[in-house]
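If you want the building blocks of each chain, they are given just below.
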Amino acid sequence: MFDTVVIATDGSGSAERAVEAALDLAARFDATVHGLYVVDTGEVETTPEEVREALERALATTGGRALSFILEAADAEADEELVTAVREGDPADEISKYATEHDADVIVSGTRGRHGEHGFLLGSVAEELIREAPMPVLTVRQLEGEPNPEREDV
């Protein structure tokens, strides 16, 4: 039923929970997993020039960590084939395009992302994906009371 699962991640706590759900789903169907991180170029372009380079580095670091988390979690499962990718652009558009290009059967996404000056809201991205993606979108929310690593430093 599911041959290809795309995990859209921003490295947040809810995205980590989505990774676990997606890997479980992929294992049940022996599906290929694609981990995808999208650098929101709209956010970068609207950032003041003096901090733009620092924001780009921070987003690249976050993307690397998010994809590393998927690789480590998949390694623990060890049954799925895993592909990772980084795209730049509007997150919902790029996720949908990527999933279409790879003939994905489902996109898995967290429903709440990083908040604050350096993050985009994955919740709004998930909402847009649900409305516009040509394939099913499984959203996974962070449970009440679960630790939220991206909010610990606030």
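Residues numbered from 1 in each chain as written. Predicted model: local features only at pLDDT ≥ 70, side-chain atom pairs only at ≥ 80, totals over all residues. Heavy atoms only, no water.

A. Structural view of the nonpolar core. Residues Val 5, Ile 7, Val 19, Leu 23, Tyr 37, Leu 59 and Val 108 are the most contacted members of the largest nonpolar core, which totals 24 residues. Breaking this core down by element, the ones donating at least two residues are β1 (4-9), α1 (13-29), β2 (32-40), α3 (49-77) and β4 (106-110). Considering each element in turn, this core owes the most residues, 7 residues, to α3. For Ile 7, the contacting residues outside a window of four places in its chain are Val 19, Ala 22, Leu 23, Val 33, His 34, Gly 35, Leu 36, Ile 70 and Val 108. With 15 residues, the next largest nonpolar core counts Ala 8, Ala 99, Ala 104 and Val 125 among its residues. (Core = buried A, V, L, I, M, F, W, Y, C linked by side-chain atoms within 4.5 Å. Buried < 20%, exposed > 50% of the residue type's maximum accessible area, 1.4 Å probe, protein only. Helix = DSSP H or I, 4+ residues; strand = E, 2+ residues; numbered from the N terminus. Contact = heavy atoms within 4.5 Å.)

B. View of the pattern of salt bridges. Across all of its chains, the model carries 6 salt bridges by this definition. Residue Lys 97 is joined to Glu 94 by a salt bridge in which the shortest nitrogen-to-oxygen separation is 3.7 Å. Residue Lys 97 and its partner Glu 94 are both found in helix α4 (residues 91-101); the two are separated by 3 residues, about one turn of the helix. Residue classification places Lys 97 among the partly exposed residues on the basis of a relative accessible area of 45%. For Glu 94, a relative accessible area of 11% puts it in the buried group. (Salt bridge = Lys/Arg side-chain N within 4 Å of Asp/Glu carboxyl O.)

C. Here's a closer look at the environment of Ala 66. Take Ala 66: it is sitting in helix α3. Given a relative accessible area of 4%, Ala 66 falls into the buried group. Setting aside residues up to four positions removed in sequence, Ala 66 forms contacts with Thr 9, Asp 10, Gly 11 and Tyr 37.

D. Inspection of the sheet that holds strand β5 (residues 137-140) at higher detail. Spatially, the 5 strands line up as an open sheet ordered β3-β2-β1-β4-β5, and their pairing is parallel. Two strands in the sheet have a free side with no partner beyond their single neighbour: β3 (81-89) and β5. The mean angle between the axes of side-by-side strands here comes to 25°, regardless of whether they run parallel or antiparallel. Here 9 bridges tie β2 to β3, and the two strands are oriented parallel to one another. (Pairing = 2+ DSSP bridges. Axes fitted to C-alpha atoms, helices over the stretch in contact; angles between N-to-C directions.)

E. Just the side chain of His 34, in detail. With respect to the helices and strands, the residue His 34 is situated in strand β2. Judged by its relative accessible area of 7%, His 34 is buried. Sequence-distant contacts of His 34, defined by excluding residues within four places in its chain, comprise Thr 4, Val 5, Val 6, Ile 7, Val 83, Tyr 98 and His 102.

F. Highlighting unusual backbone geometry. The backbone of Asp 30 sits at a positive phi, close to 55°, despite the residue not being glycine. Checked against the element boundaries, Asp 30 lands in the loop between α1 and β2. Looking at Asp 30, the relative accessible area reads 61%, which means it is exposed. Look at Asp 103: it is not a glycine, yet its phi comes out positive at around 50°.

G. Fine view of the packing of aromatic side chains. Within this structure, the stated rule accounts for 1 aromatic pair. On the basis of an interplanar angle of 80° and a centroid distance of 5.1 Å, the ring pair of Phe 2 and Phe 29 is categorised as edge-to-face. In this pair, Phe 2 is assigned in the segment before β1 and Phe 29 in helix α1, connecting sequence segments 27 residues apart. By relative accessible area, which is 15% here, Phe 2 ends up buried. (Phe/Tyr/Trp six-rings, centres within 6.5 Å; stacked < 30°, edge-to-face > 60°.)

H. Broad picture of the pairing of β4. In terms of burial, β4 is largely enclosed, as 5 of its 5 residues are buried. Side chains Val 106, Val 108 and Gly 110 of β4 all project onto a buried face; the interleaved residues Ile 107 and Ser 109 project onto the opposite face, where all are buried too. Pairing analysis gives 4 bridges linking β1 to β4, with the strands arranged parallel. In the sheet register, Val 5 faces β4, and the bridge partner there is Val 106. With 4 bridges joining them, β4 and β5 adopt parallel strand pairing. Residue pairing for β5: Val 108 is matched across the bridge by Leu 138.

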